[in-house]
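Take a look at the letters that make up each chain.
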Amino acid sequence: MMFGKEFKDQMVPEWIEAYMDYVGLKCLLKQIIRLNLSIQPHHNTQRKVDIENQESASQHKQYSTNRKFCIPAELREDEKSFLQKLDNELGKVNSFYKDKVEQAKGEAAALAEQMDALVALRKKVKQSDTAASSKVTSPSRASSVEKGQQKETDMPCENNIKPASSSNNEEPSLKEHGRTPSDVLECVKIQNTSDGPKSSVEKLLLGTTEKECSFSQEELKEVQEKLKKAFVEFYQKLRSLNQYSFINLSAFSKILKNMKRSDTHQITSRKAMRSYMNVVDNSYIGSSDEVTRLLNKVEATFVKHFSNFKQGDGIKLLRPKRKRENHRVRFLSGFFFGFSIALIIAVALVMQTRKLLDKKEATLYLDSIFPLYNFYGYIILHMLLVAANIYLWRRYRINYSFILGFQPGTELDHREVFVLASGLTVVVLTTFLVHLHIRMDSTIQDHETYVELLPLGLLIGLVLICLCPFNIIYRSSRFFLIRSLFRCICAPFYKVKMVDFFLADQLTSQTQAIRSFVYYICYYGWGKALSPGRKMCHVSDVYVIFYYISAAIPFWIRFLQCMRRLIEEKDMKHGFNGFTYFSMLLSVVFQSTFRLRKKMTWKVWALASSVVAALANICWDIRMDWGLLQRNSRNFLLRDKLLLPHRSAYYIAMILEVLLRFVWLQLVLSFDMRPLRGKAITSTFACLEILRRSIWNVFRLENEHLNNVGEYRAFKSLPLPFITYDEKVDKHE
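Residues numbered from 1 in each chain as written. Predicted model: local features only at pLDDT ≥ 70, side-chain atom pairs only at ≥ 80, totals over all residues. Heavy atoms only, no water.

**Student:** Even after reading the chapter, I still don't get the pattern of salt bridges, so can you show me in this structure?
**Tutor:** Oppositely charged side chains can pair when the atoms bearing their charge come close. The final tally for this structure, using the stated rule, is 26 salt bridges. Among the salt bridges present, the one from E225 reaches K228, with a minimum N-O distance of 3.8 Å. With a gap of three residues between them, E225 and K228 both fall in helix α8 (residues 217–262), about one helical turn apart. Residue class for K228 comes out partly exposed when judged on its relative accessible area of 22%. With its nearest N and O atoms 3.2 Å apart, the salt bridge here joins R700 to E704. Separated by four residues within a single helix, R700 and E704 lie in helix α27 (residues 679–710), roughly one turn from each other. The residues R700 and E704 share a single accessibility class, namely buried. Three or more residues are tied together by salt bridges with common partners; here these are D621, E657, R661, E689 and R692. (Salt bridge = Lys/Arg side-chain N within 4 Å of Asp/Glu carboxyl O. Helix = DSSP H or I, 4+ residues; strand = E, 2+ residues; numbered from the N terminus. Buried < 20%, exposed > 50% of the residue type's maximum accessible area, 1.4 Å probe, protein only.)

**Student:** Looking at this structure, how should I read the state of the cysteines?
**Tutor:** Defined simply, a disulfide is a covalent bond joining two cysteines at their sulfur atoms. Taken as a whole, this structure holds zero disulfides when the rule is applied. C488 provides the cysteine sulfur closest to C490, a residue in no disulfide bond, and the two sulfurs are 9.6 Å apart. (Disulfide = S-S within 2.5 Å.)

**Student:** Is there a simple way to explain the packing of helix α20 (residues 498–508) against helix α23 (residues 553–569) in this structure?
**Tutor:** The axes of two packed helices give the description: the angle between them and the distance between them. Relative orientation of the contacting elements α20 and α23 amounts to 155 degrees, with a least axis distance of 8 Å. In terms of axis orientation, α20 runs roughly antiparallel to α23. Along this stretch, α20 crosses α23, giving a crossing that reads as left-handed. Residue-level contacts link D500, F501, A504, D505, L507 and T508 of α20 to P554, F555, I557, R558, Q561 and R565 of α23. Here the residues of the contact of α20 with α23 sort into six nonpolar, two polar and four charged. (Axes fitted to C-alpha atoms, helices over the stretch in contact; angles between N-to-C directions. Parallel < 35°, antiparallel > 145°, perpendicular 65-115°, else oblique. Left-handed = near helix turned anticlockwise from the far one by under 90°. Contact = heavy atoms within 4.5 Å. Nonpolar A, V, L, I, M, F, W, Y, C, P; charged D, E, K, R; others polar.)

As structure tokens, this is what we get:
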């Protein structure tokens, strides 16, 4: 593999601007090589002699830089420019690396204090358990333990907890500082970092996230899990810093070796290269071993306190395995794709040869089962477009796994999502073909009762697969989706993460799928699926009301999420974002009311609310979610930093955003009263809305990624379980 490709592949995407500009330096080097080749050999020989004669006499002619290295004045201007840029890149890399190392040392000190508190809590819990057991067996012994604990509690608390030394594998000694577990725990409180419904209510009622230690096993287990995650995240950051140092030093070495090999005639230039390599080796990034020492300390501490001295288990937890490309995925992708094409052709031929669209009875039946299978069509289309999204994110190095909060190594790539989508397509089309064949064949209509249950059986099967506890069909991704979906449904009671509102936004584009699910309930839940009344769902007023109102559920979820973020972050932009979703919710309500009552007043309200909702969402999507329409941008009406190579893609996306928003508006206003009529038109515009959402996905995550790049934010900031004395004082002040 070429070094340039390896260098690019090993970059942390959010730190990409902090790496050495290897491509830029290589371009300058190529220009120097071309110029050297264009110079005649005898000119080079004469210049070599002149340089050798003048080398000792021209030592006072030096081009000074900000560091110890000085560029010889005998070099050509292009060579001076190369060395000056090289020197600037070294300064950039050194500065970034030193800042990150200092941050890592501060985090290490904080984790050391947390470990002091954890060790103290473990001892205290052990003492409490011992006292509880001795109270039953030996009252006198229990009283002596209580007296000893009371004596420890009476000791004064120090204002500062010194971080435990982790230079060796010994447990941090509390007695070295004259402190007992009671002393340490009096200086800390437990921080309630959970974001469940219970903690949300407590924060709302009590207005605090702190609580006193209860010295219970449940509390100890919770604290240990939080600290374990913090150690794993910190270890990953240290490994990335170590890799950053290694790959940048390799890049400097590679570029300088290429310079020496390409310039065989200039002694001064070759000496400058050798001299500068010494500067690189003696720089902070080349000589500091702080990160290596921190890695060793973290490994030793983690192995002892979180894996019971089992080196292999501890390292396995700290270093999650990278995903390897599975050739079965490639095979299944092609197999399912080809099978799906064959099934689509088979369905088309069956309908054509039997002339089902020309028979009134067959047409009515297709109308009744169309929403049952339409449900899967919307989901499959969305999955295929998400696979395309992931392909673009990976191609342009958008770190979607970090943004959406996947555990390292568990995120699906575009091939795996495509396999799931094409596999589901095969199952759905096969079921539909069997359903259609049995229902329309007069010779086997004895099985009509059972064939009507095929769509329901397919739905139940998919639900069981999603809930399957066995490690098959991407279990971690299935459970991740289920947890995120549950958090969306319970929107106001959970802290809103990026993946939560991203998933809720996907649901707002799946309103027709939600309506199809409502039809499932009507078709099977009311006991009419096996009776002659199965085709009469649409005449029920209750069903019609739920059919329309169900489309408002995703917008209500997003509104609640925005209100939660507004209360927590005190940022009014979340209030305006909430207004955009609330306007969509009102639009759906007014449109539904107009469909039911057919009065001009409701039509005016529906039209006005729909226009306001469309305009508000267009402005928010383009300006805030995509970060475009910047006034003083280098790219007209866009933003300064763009990841896609063609600017026209952004202009086309903005135009499509406007058109598809208003196409959706026109679709809603032209709905017939009966929800099951005009299904072809409804499905077409529902698919266009899913397409619009997939376009939104690309630019939304691109903008989020660029925000992370601007702040060099490449790792999660996990809250620590303990709040120390100084932290509480600072917070109070």
